[in-house]
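Letter by letter, the chains look like this.
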Amino acid sequence: MLETSARLLRLLSLLQQRRDWTGPQLAERLGVTVRTVRRDVDRLRELGYPVHATIGNVGGYRLGAGAAMPPLLLDDEEAVAVAVGLRTAVNAAVAGIEETSVRVLAKLEQILPPRLRYRVSTLDAAIVAQHRPGAVVSPEALSTIAAACRDHRRLRMDYRGHDGTESARTVEPHKLVHAGRRWYLVAYDLDRADWRTFRVDRLRPRTPAGPRFSPREPPADDIGEYASWAVGVGRYRHRARFTMYAPAARVAERVSAETGVIEAVDERSCTLWVGSNSLDGLALHVTLLGFDFTVHEPAELVERFGTLHARIGHALGPPAG
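Worth saying up front: this structure is predicted, and the values here are computed from it rather than measured.

Q: Tell me about the pattern of salt bridges, residues and numbers included.
A: Considering all chains together, one arrives at 15 salt bridges under this definition. Through salt bridges with shared partners, one network takes in Arg7, Asp40 and Arg43.

Put into structure tokens, the structure is as follows:
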């Protein structure tokens, strides 16, 4: 009996993770037969969960909106409190929980009854949170994007580039990344036929979401590092590599994920990649970090450091004697 109950909770959790499942997919994840999945779905329906059958080449299931709150057994007041708390956490009230909060918020809002969604939106409109400095992103936009990532649905959006140019884009969203003070969307841009990283505060999702798509091979194993490279290095004219003679953790205290990529070499040194459209800007930025370093590339930057070294030497005048 305990095994069956645990399996029902696991099945319910899977149905909440994404919009559609086939019977064989659920059977594989649960380690049971398709027939057992059908019986467990019937048990969930008896408990009041609206699990709908989907039509296709292979039969499937979808958890409908308005399901009761178990397995957490939340009442209406508790459900509203959790939703409002998650919306607050999305804006980085506590470092490190933003991405998790978005995933949980998308799951919760999928099954909130309409009456509770109205109460949450009413409370949200009346609450003013004190945010950390940085671009503001609405929880509604994050929830919409997170749901599109989860359900593998194309996202149509209006996007404002760094130069202020507006454009309409259609993308296949992959992951949301929180880096420093901003949110980024890593997605495959169908118009550019390439992977792109978008600042979420500069985009406006259009609803409803587009058709489903088959996920592509991601551009990197570590999407967070990929986004950091795209934002802090890859988009600039000059891309520089330094060896910093300090532990990676100490350098990371002064270099955010938005301004560079750090790779540990050993306990006392690390590699730093940074980008800029100005060679002088690169030289000044790394010098002012306060660590000893060696510049490796590009060659123009190495030469620039030599020029600056000579210029500073002249500025100090001849040695006293």
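Q: So what's going on with the packing of aromatic side chains? Residues and values would help.
A: A full pass over the atoms with the stated rule returns 6 aromatic pairs. Ring plane angle 80° and centroid distance 5.7 Å describe the contact between Tyr188 and Trp195, whose orientation is recorded as edge-to-face. We classify Trp195 as buried; its relative accessible area is 14%. Aromatic pair Phe242 and Phe293: ring centres 5.7 Å apart, planes at 80°, arrangement edge-to-face.

Q: Go over the sheet that holds strand 9 (residues 238-244) with me, naming the residues and quoting the values.
A: The strand order across the open sheet formed by 4 strands is 10-11-9-12, and the pairing between neighbours is antiparallel. Looking at which strands have only one partner, the edges of the open sheet turn out to be strand 10 (261-266) and strand 12 (293-297). On average, each strand axis in the sheet is tilted by 25° relative to the strand beside it, whichever way the strands run. Two strands pair when backbone bridges link them, and strand 9 and strand 11 (residues 269-276) are joined in this way by 7 bridges, in the antiparallel orientation. Each bridged residue has a counterpart across the sheet, and for Thr243 the counterpart in strand 11 is Thr271.

Q: Summarise unusual backbone geometry; cite the residues concerned and give the values.
A: It is generally the case that most residues other than glycine have a negative phi and that most peptide bonds are trans. A cis amide bond, omega 0°, links Thr207 with the succeeding residue Pro208. With respect to the helices and strands, the residue Pro208 is situated in the loop between strand 8 (203-205) and helix 8 (223-234). The omega torsion of the bond from Glu297 to Pro298 falls at 5°, within 30 degrees of zero and hence cis. Among the secondary structure elements, Pro298 is positioned in the loop between strand 12 and helix 11 (299-316). A positive phi angle, near 55°, is found at His152, a position not held by glycine. One can find His152 in the loop between helix 7 (139-151) and strand 4 (155-160). Residue classification places His152 among the partly exposed positions, given a relative accessible area of 24%. At Ala193, a position not held by glycine, the phi torsion is positive, near 55°. Structurally, Ala193 is set in the loop between strand 6 (182-189) and strand 7 (194-199).

Q: Residues and numbers for the environment of Ala227, please.
A: Locating Ala227 in the fold gives a position in helix 8. With a relative accessible area of 3%, Ala227 lands in the buried category. A sequence separation of 30 residues divides Ala227 from Ala257, and the C-alpha atoms of the two residues are 8.6 Å apart.

Q: Please provide a residue-by-residue account of a negative patch on the surface, values included.
A: A surface patch of negative charge is lined by Glu217, Asp221, Asp222, Glu225 and Glu263. Considering the arrangement of structural elements, one finds Glu263 in strand 10.

Q: Outline the pairing of strand 10, listing residues and values.
A: In the sheet, strand 10 pairs with strand 11 via 5 bridges, with the strands oriented antiparallel. When the bridges of strand 11 are listed, Glu263 appears paired with Thr271. Here strand 10 hands over to strand 11 after 2 residues, the two strands then running antiparallel side by side.

Calculation criteria
- Residues numbered from 1 in each chain as written.
- Predicted model: local features only at pLDDT ≥ 70, side-chain atom pairs only at ≥ 80, totals over all residues.
- Heavy atoms only, no water.
- Salt bridge = Lys/Arg side-chain N within 4 Å of Asp/Glu carboxyl O.
- Phe/Tyr/Trp six-rings, centres within 6.5 Å; stacked < 30°, edge-to-face > 60°.
- Buried < 20%, exposed > 50% of the residue type's maximum accessible area, 1.4 Å probe, protein only.
- Pairing = 2+ DSSP bridges.
- Helix = DSSP H or I, 4+ residues; strand = E, 2+ residues; numbered from the N terminus.
- Axes fitted to C-alpha atoms, helices over the stretch in contact; angles between N-to-C directions.
- Patch = residues over 30% accessible without salt bridge, like charges linked within 9 Å, V, L, I, M, F, W, Y side chains within 5 Å.
- Areas by Shrake-Rupley, 256 points an atom, 1.4 Å probe, with all protein chains shown as cover.
- Lys, Arg positive; Asp, Glu negative; His and termini not counted.
- Charge placed at Lys NZ, Arg CZ, Asp CG, Glu CD.

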